[in-house]
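# Residue-level structure breakdown
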Amino acid sequence: MKKLVALFLSLCLALGCASFALADGNFEGTAQGFGGAVTVQVTLENDKIVAVTATGEAESSPAIGNDLSSLAEQVLTAQGAEIDG
């Protein structure tokens, strides 16, 4: 769980907390979860996070179950790393 949260936070900090404008685009990172690789994709438009997806077919952490989408939705709603991971 710590690695997964670190991945989300790293992406959000890199994309959402910078003091300079970032180029629009899709950004992706992968980290090892409890049951396998977890990939997070973040889409930026006009300095806002407009889409976040997290996939990890083998992820089976009892802390989050198989619901990576709830963490992705929290990042999108918060527009950054301040989520209840």
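Before going into details, it helps to say that this report is about the structure given with it.

### Structural notes on the pairing of strand β2 (residues 37-45)
In this sheet, β2 lies alongside strand β1 (residues 25-32) in antiparallel orientation, the contact comprising eight bridges. Bridge assignment links Phe 27 to a residue of β2, and that residue is Val 42. As consecutive antiparallel partners, β1 and β2 are separated by four residues, and within that stretch Gly 36 has a phi angle of approximately 155°, a positive value. Taken together, the seven bridges between β2 and strand β3 (residues 48-55) define a ladder with antiparallel strand orientation. If you follow Gln 41 over to β3, its bridge partner there is Thr 53. Turn length for the β2-β3 hairpin, with the two strands adjacent in sequence and antiparallel, is two residues, and the turn residue Asn 46 shows positive phi of about 55°.

Reading guide: rules and limits
- Residues numbered from 1 in each chain as written.
- Predicted model: local features only at pLDDT ≥ 70, side-chain atom pairs only at ≥ 80, totals over all residues.
- Heavy atoms only, no water.
- Pairing = 2+ DSSP bridges.
- Helix = DSSP H or I, 4+ residues; strand = E, 2+ residues; numbered from the N terminus.

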